[in-house]
Amino acid sequence: MLYVRLQPGAEIKAKPGSMVAMDATVRIKGKLKFSVKKLLTGGEMSESIFTGPGEVMLAPDTWGDVVPITLDGRTNWSMGKDAFLACTMGVTRTTKSQGFGKAIFSGEGLFVYHVNGTGVMWVQSLGAITSRTLQPGEQWIVDNGHLVAWTAQYKVERVDAGGLFSASHTDEGLVCRFTGPGIVYIQTRNPETLGAWIAEQVPSTNNS
């Protein structure tokens, strides 16, 4: 749960539907942000703006972490399409094409959020969040379903599992190879893998 106490006139932007509770003194309004990119990719078409004074309680879509990331106005961040929960008013999100190859294989679609400005953004996850700071030239390989937010450059590639297994029999077939300097936030759960596991637990129906 994210608790934000707003001073009189202070505002934050949040993902629509994320509000759990708020003080009666807080005002809420929706802001339409029309974008052809979002229309084509199924991205969010609006955001909720909360104005103080008072406390707002926000929560992720699923069971997972909420982590604050401070933006200094110099570093550009990228963020997965489902990672945004809230941000202060000085933070700007835009959608940007990451190229067809990365769109197909990174698991994030044709467009990802690019975030800049000054302030704080709160990201949400499926499962716990952990991060790693990469030194210049240092590389880190991340499964494509675990990305949350990052500043490091990356390229998508296929891993040859070798040995007794092949890529067709492992979940580690497609990965993102990050190269420092930069920071990478990842989540412990992969939505696709979790969805497959849940489907396996549901009893099949026999209509015969």
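- Identification of the protein chain as Altered inheritance of mitochondria protein 24, mitochondrial from Lentinus brumalis is taken from an unreviewed UniProt entry.
- What UniProt records for the protein chain under Sequence similarities (unreviewed entry) is the sentence "Belongs to the AIM24 family."
- Heading Subcellular location (unreviewed entry) of the UniProt record for the protein chain holds this comment: "Mitochondrion".

1. Section: the pattern of salt bridges
Right, so step 1: Within the structure shown, the criterion is met by six salt bridges.
Right, so step 2: As a salt-bridge pair, Arg74 and Asp72 come within 3.3 Å of each other at their nearest N and O atoms.
Right, so step 3: Classification of Asp72 by relative accessible area gives partly exposed; the value is 34%.
Right, so step 4: Of the charged contacts, one joins Arg132 and Glu138 as a salt bridge, the two residues approaching to 2.8 Å between their closest N and O atoms.
Right, so step 5: With a relative accessible area of 32%, Arg132 lands in the partly exposed category.

2. So, the packing of aromatic side chains
How two aromatic rings sit relative to each other is given by the distance of their centres and the angle of their planes.
Right, so step 1: Applying the stated criterion across every chain yields a total of four aromatic pairs.
Right, so step 2: Arranged with centres 6.2 Å apart and planes meeting at 65°, the rings of Trp150 and Phe178 form a pair that is edge-to-face. One end of the pair, Trp150, is in strand S14 (residues 147-150); the other, Phe178, is in strand S16 (residues 174-179), and 28 residues separate them in sequence. Assigned by exposure class, Trp150 and Phe178 land together as buried.
Right, so step 3: Taken together, the ring pairs in this structure connect Trp150, Tyr154 and Phe178 into an aromatic cluster.
Right, so step 4: Arg93 extends its terminal NZ or CZ atom over the ring of Phe84, reaching a point 3.6 Å from the ring centre.

Parameters at a glance
Residues numbered from 1 in each chain as written. Predicted model: local features only at pLDDT ≥ 70, side-chain atom pairs only at ≥ 80, totals over all residues. Heavy atoms only, no water. UniProt positions renumbered as here; feature names shortened; annotations may be inferred. Salt bridge = Lys/Arg side-chain N within 4 Å of Asp/Glu carboxyl O. Buried < 20%, exposed > 50% of the residue type's maximum accessible area, 1.4 Å probe, protein only. Phe/Tyr/Trp six-rings, centres within 6.5 Å; stacked < 30°, edge-to-face > 60°. Helix = DSSP H or I, 4+ residues; strand = E, 2+ residues; numbered from the N terminus. Lys NZ or Arg CZ within 6 Å of the ring centre and 35° of its normal.

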